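# Geometric and topological summary
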Amino acid sequence: MITGKILRDAMISGSNNIANQRAQVDELNVFPVPDGDTGTNMSMTVGAAGKELALLEDDCTVEEAASCAASAMLRGARGNSGVITSLLFRGFSKALAGKQTACAADITAALKQGVDAAYKAVMKPTEGTILTVARLAAEAAAQSDTEDVVELWGIVLEAAQKALEDTPNQLPVLKKAGVVDAGGQGLVVIFTGMGQVFAGKPMVENQ
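Summarised in this report is the structure supplied together with it. (Residues numbered from 1 in each chain as written. Predicted model: local features only at pLDDT ≥ 70, side-chain atom pairs only at ≥ 80, totals over all residues. Heavy atoms only, no water.)

## Points about the nonpolar core
- One finds Leu7, Met11, Leu53, Leu88, Leu111, Trp153 and Met194 to be the most contacted residues of the largest nonpolar core, which totals 62 residues.
- Secondary-structure elements contributing two or more residues to this core are α1 (4–27), α2 (38–53), α3 (62–76), α4 (79–95), α5 (104–121), α6 (130–143), α7 (149–170) and α9 (182–198).
- With 9 residues, α9 is the single largest residue contributor to this core.
- For Leu7, the contacting residues outside a window of four places in its chain are Ile2, Val62, Ala65, Ala66, Phe92, Leu96 and Phe198. (Core = buried A, V, L, I, M, F, W, Y, C linked by side-chain atoms within 4.5 Å. Buried < 20%, exposed > 50% of the residue type's maximum accessible area, 1.4 Å probe, protein only. Helix = DSSP H or I, 4+ residues; strand = E, 2+ residues; numbered from the N terminus. Contact = heavy atoms within 4.5 Å.)

Here it is in structure tokens:
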């Protein structure tokens, strides 16, 4: 079971993780244009949530934590990758509306709603991007029957990483450059930071 405090800390941890690795993600950025700012944009977007989440009390609900993060990301979204990330967390937040705590089924539903929101908002969704990584991670969660959130998030991370590694096979521009999708990598970095807290480890510190 995930409390509001755990979700709050997990999202701050994810924000710190992408901030620490933004330069490496920037270096992967070749699609849709090679402007080298995907990691920076995602870091600024999620970082906007990290700042506001840090002000939430320990007794916050998962609804409050998710809603706080989603609204901050929407206001702070930068670039295509940032906008898509904010949409993923907006859908995630909507699925947790009215909830004090979240079980594995709630997290699964939140991931699916996030993916649905992002796909609907993009006029021509391109596979081999952050959208694919998010979708396959959410589908893996939906196919799992575990009731343990830590185990569930492990499945999500594994599926996200596998989807990321496959992105060059879906987008020739990535294969030609010898890189994975930058936005997809950024999402894996955020999810990895969140997973540390879900697993009961200290949150990733901002370096």
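## Here we look at empty space enclosed by the protein
- For the structure shown, the criterion picks out 1 cavity of 30 Å³ or more.
- Its volume calculated, the largest cavity comes out at about 110 Å³.
- The wall of the largest cavity is formed by Leu88, Phe89, Phe92, Ala110, Leu111, Gly114, Val115, Ala134, Trp153, Leu187, Phe191 and Met194.
- The set of elements that each furnish at least two residues to the lining of the largest cavity consists of α4, α5 and α9.
- Here the element with the most residues in the lining of the largest cavity is α5; it accounts for 4 residues. (1 Å grid on protein atoms, 1.4 Å probe; cavity = no way out; pocket = protein on both sides within 12 Å on 5 of 7 lines; lining within 4 Å. Points joined across faces, edges and corners; volume = space filled by probe spheres on them.)

## Section: α1
- Taking 1.5 Å as the rise per residue, α1 with 24 residues should run 34 Å; its terminal C-alpha atoms sit 34 Å apart, in good agreement.
- Its axis deflected by about 60° at Gln21, α1 carries its strongest bend there. (Expected span 1.5 Å × (residues − 1). Bend = angle between axes of the 7 residues up to and from the residue.)

## Brief notes about the side chain of Asp181
- Mapped onto the elements, Asp181 comes out in the loop between α8 (172–177) and α9.
- Although Asp181 lies buried, it forms no salt bridge, and the closest oppositely charged side chain, Arg135, sits 12 Å away as judged by the N-O distance.
- Within the structure, the side chain of Asp181 is placed 3.1 Å from the backbone nitrogen of Ile130, a separation counted as a polar contact.
- Only 3.2 Å separates the side chain of Asp181 from the backbone nitrogen of Gly183, close enough to count as a polar contact.
- Those residues within four positions of Asp181 in sequence are excluded, and the remaining contacts are Gly128, Thr129, Ile130, Leu164, Thr167 and Leu174. (Lys, Arg positive; Asp, Glu negative; His and termini not counted. Salt bridge = Lys/Arg side-chain N within 4 Å of Asp/Glu carboxyl O. Polar contact = N/O pair within 3.5 Å; in protein donor to acceptor, adjacent residues only side chain to side chain.)

## Remarks on the environment of Val25
- On the secondary structure map, Val25 appears in helix α1.
- As for Val25 and Met42, which are separated by 17 residues in sequence, their C-alpha atoms are 9.3 Å apart.
- Those residues within four positions of Val25 in sequence are excluded, and the remaining contacts are Ile18, Thr38, Gly39, Ala182, Gln185 and Gly186.

## Focus: α3
- Helix length check: α3 (15 residues) gives 21 Å between terminal C-alpha atoms against 21 Å at 1.5 Å per residue, within 8%.
- Listing the buried residues of α3 in full gives Val62, Ala65, Ala66, Cys68, Ala69, Ala70, Ala72, Met73 and Gly76.

## Things to note about the packing of aromatic side chains
- Under the criterion given, the structure shown has 3 aromatic pairs.
- Pairing Phe89 with Phe92 gives two aromatic rings, centres 6.1 Å apart and planes at 55°, and the pair type is tilted. In this pair, Phe89 and Phe92 both sit in helix α4, 3 residues apart, roughly one turn of the helix. Per residue, the accessibility class of Phe89 equals that of Phe92, and both read buried.
- Pairwise contacts between aromatic rings join Trp153, Phe191 and Phe198 into one cluster. (Phe/Tyr/Trp six-rings, centres within 6.5 Å; stacked < 30°, edge-to-face > 60°.)

Read these as layout, nothing more, since geometry by itself doesn't imply function.
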